Amino acid sequence: MKIAVATSGGDSAGMNAVVRAVVRSGILKGCEMWVVREGYEGLVRGNSQAVQNEGDLINVAAQSAAMDGAAIMKDADHVPDQNLTHNLRFGDGELLKDGTAESVGGRTLKGRYIVRVGWDDVRGWYSQGGTLIGTARSASFRAREGRLAAAHNLVKEGINALIVCGGDGSLTGADIFRSEWPSLIQELRDEGTISEEQLQSHTHLRLCGLVGSIDNDMSLTDLTIGAPTAVHRISEAIDNINSTAYSHSRAFIVEVMGRDCGWLAILAGVAGGADFIFIPERPPKVNPWEDDLCAEIKKHRALGKRKTIIIVAEGAQDLDLKPIRAEYIKDVLTERLGLDTRVTTLGHTQRGGPPCAMDRILPTLQGVEAVEAILESKPGTPTYMIGIQENKITRVPLMQAVEATRNVARLIKSKDFDNALAARGSDFLG
Ligand code: F6P
């Protein structure tokens, strides 16, 4: 079987570990493994140029701008050629096939978004931040025309299984693609650009999703890939802020990411000893909330605290769903309490950088499970999302998880905060 793996949507620490685990466990199970560069955008663009000759040794790192930051090979001299099969093993500095040392060919990735990879291509990827195969928020894949091009490109390469690591938007896109697959194949048949024989062997698209997101906002899984690293990053930042805040006896408002989920804010607040935390799912109990905030901070100061740390999730809001902004909180503390206050927006420092241990272990276990789910997939079985619940790696129907996640957003919008928190299903937010 030929399986392709892609990362999609916002990057998160641990995505490379997913790719590594998927590629290597696929190879161990006898599959031919491929990566899709630049997320769904790469699927839509496909491979515009023929595979290079074995003799064309090309330094991948020196390729065109299209390649910048997206080179899947860390070592251009060590790229297996298209003819290498799944039974690759590698020794020190050279690839071995069937136990025999081989010199290794290379190929260009320019104009090629769907690329065959071998065991050695993902060496050391467990500890790399971001996603080395690139990601994108693809507008073209949202249109049927784009998905038709994607289907064409996969069939052309003989790929009939896809593993996607991304957030709920990306995984929903994947499921739409899968459900449309038969009609896409029919359209390709009508177009007559692909042989009937090829189409016949692609009547079913096997698909599996892994949740890569720093927000930890997906229902039916306890943890999303990248969230533990992001919390770690935030709590380190708070440690740094603490010392300068203490020195000047200042207040700091720290804005963290998370979209409409307060998980990062709450956990970082607990880890960093925050005085007050604003999250979307649990607005301050009364409106206006400023008096309560000031009373709380005053109390802490009266107890002898020299510094004040307030964490505000980027999606924080009041009981009327009006956004609560860091700058506004700063003004409140400055004007009402006379505190010397600063705002720190952590931004993408929360998302980048090397994954913590959990974001290596979790994607490795889940990547292996995803390959198994693909191999067991049959027409009629649901598309699974690989999750973790109560310390067990799980498979749940993807659309069930997406629907439950959307339900939380609906509950928040209708101001049913208690049920929104319950629906998040997390002890930390309950
Ligand atoms: O979903 C991950 C996330 O980092 C959110 O926390 C944040 O709101 C968003 O992506 C930022 O997106 P971008 O990198 O496109 O600005």
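As the structure is a computational prediction, the values presented were derived from the model and not from experiment. (Residues numbered from 1 in each chain as written. Predicted model: local features only at pLDDT ≥ 70, side-chain atom pairs only at ≥ 80, totals over all residues. Heavy atoms only, no water.)

Chemist: Got a minute to help me understand the pairing of strand β2 (residues 32-36) in this structure?
Modeler: Moving residue by residue along a regular strand, the side chains alternate between the two faces of the sheet. Within β2, four of the five residues are buried, leaving the element largely enclosed by the surrounding structure. Where strand β1 (residues 2-7) and β2 come together, five bridges link them in parallel fashion. Opposite Lys 2, over in β2, you have Glu 32 as the bridge partner. Traced from β1 through helix α1 (residues 15-28) to β2, the parallel crossover comes out right-handed. Pairing analysis gives four bridges linking β2 to strand β6 (residues 114-117), with the strands arranged antiparallel. Paired with Val 36 across the two strands is Ile 114, which belongs to β6. (Buried < 20%, exposed > 50% of the residue type's maximum accessible area, 1.4 Å probe, protein only. Helix = DSSP H or I, 4+ residues; strand = E, 2+ residues; numbered from the N terminus. Pairing = 2+ DSSP bridges. Right-handed = clockwise from strand over helix to strand, strands pointing away.)

Chemist: Is there a simple way to explain the state of the cysteines in this structure?
Modeler: Counted according to the given criterion, the structure contains zero disulfides. Between Cys 208, a free cysteine, and Cys 165, which holds the nearest cysteine sulfur, the sulfur-to-sulfur gap is 10 Å. Distance from the sulfur of Cys 356, which forms no disulfide, to the nearest cysteine sulfur (Cys 165) is 14 Å. (Disulfide = S-S within 2.5 Å.)

Chemist: Just checking my understanding: could you explain the side chain of Ser 170 for this structure?
Modeler: Counting through the fold element by element, Ser 170 comes out in helix α4 (residues 168-191). Judged by relative accessible area, Ser 170 falls into the buried class, the value being 9%. Once you skip the residues sitting within four places of it in the chain, Ser 170 turns out to touch Ser 8, Gly 9 and Tyr 40. (Contact = heavy atoms within 4.5 Å.)

Chemist: What is the right way to read a nonpolar patch on the surface from this model?
Modeler: Among the surface-exposed residues, Met 358, Ile 361 and Leu 365 lie close enough to one another that they form a single nonpolar patch of about 260 Å² accessible area. Inspection of the secondary structure puts Ile 361 in helix α10 (residues 358-376). (Patch = residues over 30% accessible without salt bridge, like charges linked within 9 Å, V, L, I, M, F, W, Y side chains within 5 Å. Areas by Shrake-Rupley, 256 points an atom, 1.4 Å probe, with all protein chains shown as cover. Salt bridge = Lys/Arg side-chain N within 4 Å of Asp/Glu carboxyl O.)

In short, shape yes, function no, at least from these values alone.
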